[in-house]
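Each chain, written out:
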Amino acid sequence: QVQLVESGGGLVQAGASLRLSCAASGRSFSSYNVGWFRQAPGKERDFIARINWSGSSTYYADSVKGRFTLSRDNAKKTVSLQMNNLKPEDTAVYYCAAAQKLSTRVGDYAYWGQGTQVTVSS
């Protein structure tokens, strides 16, 4: 079993930056791929980024490519999402999740954090 907890969300103005953290527990964390998703009010949960078990491979949704950057530290059991040049449309609850395979699909992730709110004002 893997437990995940997100932190770092907040209220910022357009153009600002935030750094989200996903803290994990469990002995097998380093073997999992980690994805980030977000869910805006009244909308479905959407994929935004993923990183493989070693951190050597990252992939981003077009909506955040060039603005968001993923990294991980398996020794510390953390994954970070650096978000730059935030836009009002980035407003959502952000979730990290762990999976055994690389995926952009919600259904492929077995373990989820509770989410952290990011609000971007214009």
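As the structure is a computational prediction, the values presented were derived from the model and not from experiment. (Residues numbered from 1 in each chain as written. Predicted model: local features only at pLDDT ≥ 70, side-chain atom pairs only at ≥ 80, totals over all residues. Heavy atoms only, no water.)

1. Describing the pairing of strand 8 (residues 78-83)
Our working definition: Note on pairing: two strands pair once DSSP finds at least 2 bridges between them. Elements are defined by DSSP. Helices are runs of H or I of four residues or more, strands are runs of E of two residues or more, and each kind is numbered from the N terminus.
Pairing of strand 3 (residues 18-25) with strand 8 involves six bridges; the strand directions are antiparallel. Within strand 8, the residue paired with Arg19 across the bridge is Gln82. Pairing between strand 7 (residues 68-73) and strand 8: six bridges, direction antiparallel. The partner of Thr69 across the bridge, within strand 8, is Gln82. Linking two consecutive strands that pair antiparallel, namely strand 7 and strand 8, is a turn of four residues; a positive phi of about 55° is found at Lys77 within it.

2. A look at the sheet that holds strand 3
In plain terms, the rule: The axes are straight lines fitted to the C-alpha atoms, using for helices just the contacting stretch, and the angles between their N-to-C directions are given from 0 to 180°.
Within the open sheet, the four strands sit side by side as 1-3-8-7. Their pairing is antiparallel. Two strands in the sheet have a free side with no partner beyond their single neighbour: strand 1 (3-7) and strand 7. Averaged over all neighbouring strand pairs, the angle between strand axes comes to 15°, with direction disregarded.

3. Some points on the layout of surface pockets
Using the following cut-off: With a 1 Å grid laid over protein atoms only, a set of points is called a cavity when a 1.4 Å probe fits there but cannot get out and a pocket when it is open yet has protein on both sides within 12 Å along at least five of seven lines; lining residues have an atom within 4 Å of a point. Grid points are joined across faces, edges and corners, and a volume is the space filled by probe spheres set on the points. Following the grouping adopted for this structure description, the nonpolar residues are Ala, Val, Leu, Ile, Met, Phe, Trp, Tyr, Cys and Pro, the charged ones are Asp, Glu, Lys and Arg, and the polar ones are all others, Gly among them.
Of the volumes computed, that of the largest pocket is approximately 160 Å³. Lining the largest pocket are 14 residues, and of these Arg38, Ala40, Lys43, Asp46 and Glu89 lie nearest its centre. When contributions to the lining of the largest pocket are tallied by element, the ones reaching two or more residues are strand 4 (33-39) and strand 5 (45-51). Sort the elements by how many residues they give to the lining of the largest pocket and strand 5 lands first, with three residues. Of the residues in the lining of the largest pocket, the class split is five nonpolar, three polar and six charged.

4. Observations regarding the pattern of salt bridges
The line we're drawing: Here, a salt bridge means any side-chain nitrogen of Lys or Arg that lies within 4 Å of a carboxyl oxygen of Asp or Glu. Buried, partly exposed and exposed residues are distinguished by accessible area as a fraction of the type maximum, computed with a 1.4 Å probe on protein chains only: under 20%, between the cut-offs, and over 50%, respectively.
Following the criterion strictly, the structure yields four salt bridges and no others. In this structure, Asp62 engages Lys65 in a salt bridge whose closest nitrogen and oxygen atoms are separated by 3.3 Å. Taking the shortest distance from any N to any O, the salt bridge between Asp108 and Lys101 comes out at 3.9 Å. Asp108 gets classed as partly exposed once you look at its relative accessible area, which sits at 27%. On the accessibility criterion, Lys101 (47% relative accessible area) is partly exposed. Taken together, the shared-partner salt bridges in this structure form one network comprising Arg38, Arg67 and Asp90.

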